[in-house]
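As a plain string of letters, each chain reads:
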Amino acid sequence: MAALPYLPHTQADIKAMLERIGVSKLEDLYSDVPAEFLKKGAYALPDAMSEQEIRDYFSSLEAMNAKMKVFVGQGAYDHYTPAVIPYLCSRSEFLTAYTPYQCEISQGTLRYIFEYQSMICALTGLDVSNASMYDGPTAAAEAMKMAIACTRKKTRVLLSKALLPHVIKVVETYAKFHGVEIGYLPAPEGQTSADALKAELAKDDVAGVIVPSVNRYGIIEDHTGFADAIHAQKGILVEYCDPSALAVVKTPGEWDADIAVGDGQPLGLPLSYGGPYVGFMAVKKDHMRKMPGRIVGQTVDKEGRRVFVLTLQAREQHIKREKATSNICSNESLMALWVTIYLSLMGPEGLKEVNRISSDGAHYLYNQLLATGKFEEVFPGKPFLKEFVLKPKAFPGMLQQRLEKAGYFAALDTEEGYVSFCVTEKRTKEEIDELVAIVKEG
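Source: prediction; values computed, not measured.

Parameters at a glance
- Residues numbered from 1 in each chain as written.
- Predicted model: local features only at pLDDT ≥ 70, side-chain atom pairs only at ≥ 80, totals over all residues.
- Heavy atoms only, no water.
- Buried < 20%, exposed > 50% of the residue type's maximum accessible area, 1.4 Å probe, protein only.
- Helix = DSSP H or I, 4+ residues; strand = E, 2+ residues; numbered from the N terminus.
- Pairing = 2+ DSSP bridges.
- Contact = heavy atoms within 4.5 Å.
- Axes fitted to C-alpha atoms, helices over the stretch in contact; angles between N-to-C directions.
- Right-handed = clockwise from strand over helix to strand, strands pointing away.
- Polar contact = N/O pair within 3.5 Å; in protein donor to acceptor, adjacent residues only side chain to side chain.

Visitor: Please explain the pairing of strand 8 (residues 279-283) as it appears in this structure.
Guide: Consecutive residues of a regular strand have side chains that alternate between opposite faces of the sheet. Taken across its 5 residues, strand 8 has 5 buried, putting it largely inside the fold. Burial along strand 8 is two-sided: Gly 279, Met 281 and Val 283 facing one way and Phe 280 and Ala 282 facing the other are all buried. As paired elements, strand 2 (residues 128-129) and strand 8 share 2 bridges and run antiparallel to each other. In the strand pairing of strand 8, Val 128 is matched with Val 283. As defined by bridge partners, strand 7 (residues 259-263) adjoins strand 8 across 5 bridges and the pair is classed as antiparallel. Opposite Ile 259, over in strand 8, you have Val 283 as the bridge partner.

Below, the structure is given as structure tokens:
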């Protein structure tokens, strides 16, 4: 045991535990692992380093990362993060906080989750939000399972082909292992087809429909009549949303959607090479008992003081797992706090300003790129906010290489042969003009 001084168990402890489970030595615990896959010999651990050497080492690793000017979205957006957010989130009472089961000592955590839920409800126009989920795609998959649970006898869920590809893939994976049949709605003109929706609903087996608020082409979708058609067949309408855009586009509540899901990353979370992010889910009051995850509620104590508690969870989620809508019992609490601080700082007017600046930049870039003569419009006249696609007249790979060499991450190619661009409030006119100049040189 001398080589492992921090293990609390003595040799006698280990011997007693091994005898209890019927094995003679620790190696027997790995007897089902083929011998060729077991590590043999000592571990090649590096020599100890001083604090300064460790700092220098990690600085050298950081220097290997290319710092690009990001002109791509597709579900993860390079919005500005106010400096106070990482400072507050790094405080120990937040950074190391655990699940707030004991409400009497968790009022701070429960309060910020309650505020998060309140802000998500305000953004989506729906009645109830949970305390957050893992990310946007898994939130969409949980909404699919909710639709099945809420409609019971219906077996299919329809996905718009205009959803982000990685959202579709995650929902398909969940569906495969939960026995849910998936159908698809085409988007022939850059917008989820209403005619195709009505044709699928006529089959009378559709439990739910998942459509994007702002779709993978950047187009703001018009869902007029969708809710009426789906509800007439007793189905569930789910909207997948960019929460930042909900400050200026029609909300799921205004579209009469039953569930709103999406990724909270655009609300100030850094790109961070893909995470951690935070999924959000809000629902109409009628469906909250089927909603996965935890919910924080507000009440008063015996002295009449405002307090917060975990509330309104279906017990099956913890006890009768086979009968539960979902087995998710946790949430991305620290990232939910990040989003809460961001929304508190920005307020309604700040969010509108972010969208205005982003939209102005995106439309300027759109027009400038078309003026180069190297692109064709794909969906002329369709409304977009900060993201759009164009069809390049030449192979996009060479364009991407030139842009990357100049420090730009842009012109992401899509499966249809288009290229996607995105502009947020962080991108300046000078950067946009330089990007266009690089395109002209090609």
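Visitor: Whenever I open this one, the sheet that holds strand 4 (residues 181-185) confuses me. Can you help?
Guide: Across a sheet, strands are paired by hydrogen bonds formed along the backbone, either parallel or antiparallel in direction. Across the sheet, which stays open at both edges, the 7 strands sit in the order 2-8-7-6-5-3-4 with mixed pairing between neighbours. For this open sheet the edge positions go to strand 2 and strand 4, each flanked by a neighbour on one side alone. In the packing of helix 7 (residues 165-178) onto the sheet, the strands contacted are strand 3 (156-160), strand 4 and strand 6 (236-241), and the crossing angle to strand 4 comes to about 155°.

Visitor: For this particular structure, what's the right way to read the pairing of strand 4?
Guide: Of the pairings in the sheet, the one linking strand 3 to strand 4 comprises 5 bridges and is parallel in character. Of the residues in strand 4, the one forming a bridge with Leu 158 is Gly 183. In this fold, strand 3 hands off to helix 7, which returns the chain to strand 4; that crossover is right-handed.

Visitor: Would you mind going over the sheet that holds strand 15 (residues 419-422) with me for this structure?
Guide: With antiparallel pairing, the 4 strands of this open sheet are ordered in space as 11-12-15-14. Two strands close off the open sheet at either side, each with one partner strand: strand 11 (375-377) and strand 14 (412-413). Pairing of strand 14 with strand 15 involves 2 bridges; the strand directions are antiparallel. Paired with Asp 413 across the bridge in strand 15 is Val 419. Relative to strand 12 (residues 387-392), helix 10 (residues 333-371) is tilted by about 10°, and along the sheet it contacts strand 11, strand 12 and strand 15.

Visitor: Any chance you could explain unusual backbone geometry here in plain terms?
Guide: Working note: non-glycine residues mostly have negative phi, and peptide bonds are mostly trans. Backbone torsion omega between Gly 275 and Pro 276 reads 5°, so that peptide bond is classified as cis. Along the chain, Pro 276 turns up in the loop between strand 7 and strand 8. You will see that Asp 204, though not glycine, has its phi angle at about 60°, which is positive. Take Asp 204: its relative accessible area is 47%, and that puts it in the partly exposed class.

Visitor: Sorry, what's going on with the side chain of Asn 331 here?
Guide: On the secondary structure map, Asn 331 appears in the loop between strand 10 (306-310) and helix 10. At 2.7 Å, the side chain of Asn 331 forms a polar contact with the backbone oxygen of Ala 131. A distance of 2.4 Å separates a polar atom in the side chain of Asn 331 from a polar atom in the side chain of Arg 294. Apart from the residues lying within four places of it in its own chain, the contact partners of Asn 331 are Ile 113, Ala 131, Ser 132 and Arg 294.

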